[in-house]
Each structure stands twice: as C-alpha cells, then as structure tokens.
Amino acid sequence: MDKNDTTTYSVQLYIYDLSRGMARNLSPIMLGKQLDGIWHSAIVVYGDEFYFGGVGISSCSPGGTMLGSPDTVVELGNTEVTEEIFMDYLSSLGENTYRGDKYRLFEHNCNTFTNEVAQFLTGRKIPSYITDLPSEVLSTPFGQILRPILDSIHIAPPGGNIISGRHS
C-alpha cells in the first residue's frame, strides 16, 4: 500500500474533573497544596470514548457517561492503527492488565490506562499533571491518612458498555 493511501484516525484525550471544581478550592486547606482537579481521563478514537474503571474497560459515545461533556479535550494526534487492531489490543488488555479487579485508585486507574493507550496509538503520553496526581496527593500527610479509605474506591462512570474486564 502506498504510504499516501494510509488512513489515519484522530485521537483525543477527554479530561474530566471528578470533583467538579471542589479540589481547586479545598486542596490547599486539606492537603496543604493546590490541586486543580481530581482527574478522570478517557481516549476518544473511532467515534467512541474508551476508559478503564472498577468494571474493566468500557466504551460509550463521546461524553456519554454520567460525567457528561469533558472539562478539557486534548488533541493527541493521529493514528494509523485500524479499529480492528485496536479492539484486539483492548481485548488483550482487558483479559489481564485492565480487568476490573485490577483497578487501584492510586497505582492502576483510568489515567494509567489512557496513558498506555495513548502511547500505543500515537506514541505520545498524556499530560503529566494527570499521571502525577496520585503521587501529589500521597506526598501529603492528609493523603497518607486518607489512603486506606481511598484505596477502596473503584471509579466506574455509569453509562458505558463494558468491553472486557469481568473476572470469574
């Protein structure tokens, strides 16, 4: 196939603030440092939004979860990876690495997933202010106190279709 005939697909990062602005106001008081948000992220490609949560890898129409429209959209670039190859890749991830029972709020979450998928599709990482958030929170005394409670939280925005992730 001639390189000029290769089809490319736009890849976007959807970023949601789960705190709806509260982190910006409360983090200086609670953590002693400014956090602009509590970030959930998803990859949008092939006309669908893909994300990872407590039920595994899910998809929906862009902005189709109860979170609604994203707070920010970042253009990550284009990919030549076909939808078929991408879905095989997601299926493989969902069988082990990104099963729902593997979700960990601080170590293995939606942002870990979108960072890995972004690199697979475009070779680019997602912004570090998103991936660095867990270490920012845990670097504070209050973050360490809250860790046992926060570790039990599994975020899975309702409204999507589970691609994979159920573990029998």
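Residues numbered from 1 in each chain as written. Predicted model: local features only at pLDDT ≥ 70, side-chain atom pairs only at ≥ 80, totals over all residues. Heavy atoms only, no water.

Going by an unreviewed UniProt entry, the protein chain carries the name palmitoyl-protein hydrolase and comes from Salvelinus namaycush. Taken from UniProt, the Catalytic activity (unreviewed entry) comment for the protein chain reads in full: "S-hexadecanoyl-L-cysteinyl-[protein] + H2O = L-cysteinyl-[protein] + hexadecanoate + H(+)". (UniProt positions renumbered as here; feature names shortened; annotations may be inferred.)

Visitor: Describe in detail the overall build of the protein chain, supporting the description with residues and values.
Guide: Secondary structure summary: the protein chain contains six helices and six strands in total. For the protein chain, buried positions account for 42% of its 168 residues. Long-range contacts, defined as pairs at least 24 residues apart, comprise 75% of the intrachain contacts of the protein chain with a sequence gap of at least 6. As displayed, the protein chain offers around 8700 Å² of accessible surface, 52% of which is attributable to carbon and sulfur atoms. (Helix = DSSP H or I, 4+ residues; strand = E, 2+ residues; numbered from the N terminus. Buried < 20%, exposed > 50% of the residue type's maximum accessible area, 1.4 Å probe, protein only. Contact = heavy atoms within 4.5 Å. Areas by Shrake-Rupley, 256 points an atom, 1.4 Å probe, with all protein chains shown as cover.)

Visitor: Which residues make up the pattern of salt bridges, and what values do they have?
Guide: In the structure shown here, the tally under the stated rule is one salt bridge. A salt bridge links D101 to R99, with the shortest nitrogen-to-oxygen separation between them at 2.9 Å. Residue D101 is classed as partly exposed on the basis of its relative accessible area, which comes to 35%. We classify R99 as buried; its relative accessible area is 12%. (Salt bridge = Lys/Arg side-chain N within 4 Å of Asp/Glu carboxyl O.)

Visitor: How would you summarise helix α3 (residues 110-122) if you had to cite specific residues and measurements?
Guide: For α3, built from 13 residues, the straight-helix expectation of 18 Å at 1.5 Å per residue is met to within 8% by its first-to-last C-alpha distance of 18 Å. Every buried residue belonging to α3 is among C110, N111, F113, T114, N115, V117, A118 and L121, and all of these are buried. For α3, the N-terminal cap is N109; the gap from its side-chain oxygen to the backbone nitrogen of N111 is 2.8 Å. (Expected span 1.5 Å × (residues − 1). Polar contact = N/O pair within 3.5 Å; in protein donor to acceptor, adjacent residues only side chain to side chain.)

Visitor: Let's hear about the nonpolar core: which residues, and what values?
Guide: Nonpolar side chains in soluble globular proteins generally cluster together in the buried interior. Residues I43, F86, L90, F113, V117 and L121 are the most contacted members of the largest nonpolar core, which totals 32 residues. Looking at this core, the elements with two or more residues in it are β1 (9-17), β2 (39-45), β3 (48-53), β5 (72-79), α2 (83-95), α3 and α5 (133-138). Beyond its immediate sequence surroundings of up to four residues, F86 is in contact with V45, Y46, F50, V81, V117, F120 and L121. The next biggest cluster of nonpolar side chains, apart from the first, holds seven residues, and it includes Y16, A42, Y51 and C60. (Core = buried A, V, L, I, M, F, W, Y, C linked by side-chain atoms within 4.5 Å.)

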